[in-house]
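Geometric and topological summary
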Amino acid sequence: MLLSIALIMLLGMFMGQICKKIHLPSLMGMLITGIVLGPYVLNLIDSSILNISAELRKIALIIILTRAGLSLKIDDLKKVGRPAILMCFVPACFEILGMILLAPKLLGVSVLDAAIMGAVVGAVSPAVIVPKMIKIMEEGYGTNKSIPQLILAGASVDDVFVIVMFTAFTGMASGEGISAKTFIDIPISIVLGVLVGLVVGVLLTFLFKKIHIRDTAKVIIILCVSFILVAVADSVSNFVHFEPLISIMVIGITLQSKRKVVANRLSSKFNKLWVGAEVMLFVLVGATVDIKYAVSAGLMVVVLIFGVLLFRMIGVFVCLLKTKLTVKERLFCMIAYSPKATVQAAIGGVPLAMGLGCGNIVLTVAVVAILITAPLGAFLIDLTYKKFLQKKISENKEIQQ
């Protein structure tokens, strides 16, 4: 196991730096490292690590979502308003619709199989988007109109909606049918996630105010509380649904609103943690990719991915109607809302494991979606944000970059 961890970290960082040098996103190097080290190529990652890969990826997500929450301000979220709510589900609905319209014609699958495929591909990747938006916020681009905050808020909830849709469609395919409760669970899980995060955030704020604790210890406490929330959410899922990843982000937002100075210090600590967590996350995502599926996919799958991305971008455009965003700012939002990785790696193989007839093709499409959209989306975000967004110089002065 130790050798595998060393290979993951050293080669992942090395390949990430090489990609940076040639002006490509570092996550591309990490994904490639995972593919090469993974069980489908060289098989150099210990099986004990692969067995807990999902948990390790979730830890990395917890770190970056906490970091995001600590960077978000309540006032900024209030300014975002209606578009942020629409971004939570409208783009995903458009992408699923696009898959239902295009996949039967391009791949010859049924409408239900296409719906399952759309639900797998329809989720954006917080692991790609969140660190990019945090970086953009720190540099002051788009913050005058809360554009990074808008994308952060939408991407954090988008996955909840898509996973519930995926559960509904796979239930239909396996003969379990579908019920109204499945869709009622979506708002319930979101609202409960916010409430749980708010309560825990207030309690942690009180604790940090009353008791002197080193910042490093505070980070450990927040991480442990986050792990407990994830475990509790899993254990009570048969009775009540709440989304722990939303709770974790709300904890950070609550700390930022009530203890700003402390939140800024903790944000710096989590940023350092992300250096290692990012490598582990994307190398392990790459390790889930069976390159044979990608190679055997054919041109039609690639065409399909770009086709449904166009539907997603139209969905983002609809969300931004009647806002004050310029054409360039809307285009940036459309680009920034396209990367996919973590959810596709997590659920892409589920239909195959369930024995569904569409299992192989769904997994193939999920793999190709990761390989195309994760590096391409990250690259286009880096390429465009300084050109398409305004940089905030002061409260009253802005320049167009």
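Further up the page is the structure itself.
Attention in this report is confined to the structure presented alongside it. (Residues numbered from 1 in each chain as written. Predicted model: local features only at pLDDT ≥ 70, side-chain atom pairs only at ≥ 80, totals over all residues. Heavy atoms only, no water.)

Here we come to the overall build of the chain. Of regular secondary structure, the chain possesses 20 helices and two strands. Taking the principal axes of its C-alpha atoms as reference, the chain extends roughly 60 × 55 × 50 Å. Evaluated residue by residue, the chain yields a buried proportion of 53% over its 401 residues. By sequence separation, contacts in the chain at least 24 residues apart represent 81% of the contacts at least 6 residues apart. For the chain, the computed accessible surface area is about 17,400 Å², with 69% contributed by carbon and sulfur atoms. (Helix = DSSP H or I, 4+ residues; strand = E, 2+ residues; numbered from the N terminus. Buried < 20%, exposed > 50% of the residue type's maximum accessible area, 1.4 Å probe, protein only. Contact = heavy atoms within 4.5 Å. Areas by Shrake-Rupley, 256 points an atom, 1.4 Å probe, with all protein chains shown as cover.)

Time to look at the packing of helix H13 (residues 244–258) against helix H14 (residues 260–287). Contact geometry of H13 with H14 gives a least axis separation of 5 Å together with a crossing angle of 135°. The angle between H13 and H14 places the two elements in the oblique class. Across the interface between the two elements, Leu255, Gln256 and Lys258 of H13 pack against Lys260, Ala263 and Asn264 of H14. Looking at the contact of H13 with H14 residue by residue, the class counts come to two nonpolar, two polar and two charged. (Axes fitted to C-alpha atoms, helices over the stretch in contact; angles between N-to-C directions. Parallel < 35°, antiparallel > 145°, perpendicular 65-115°, else oblique. Nonpolar A, V, L, I, M, F, W, Y, C, P; charged D, E, K, R; others polar.)

Glancing now at the side chain of Ser226. Secondary-structure assignment places Ser226 in helix H12 (residues 215–235). A relative accessible area of 1% places Ser226 in the buried class. Look past the residues within four positions of Ser226 in its chain and what remains in contact with it is Ile62, Thr66 and Ile248.

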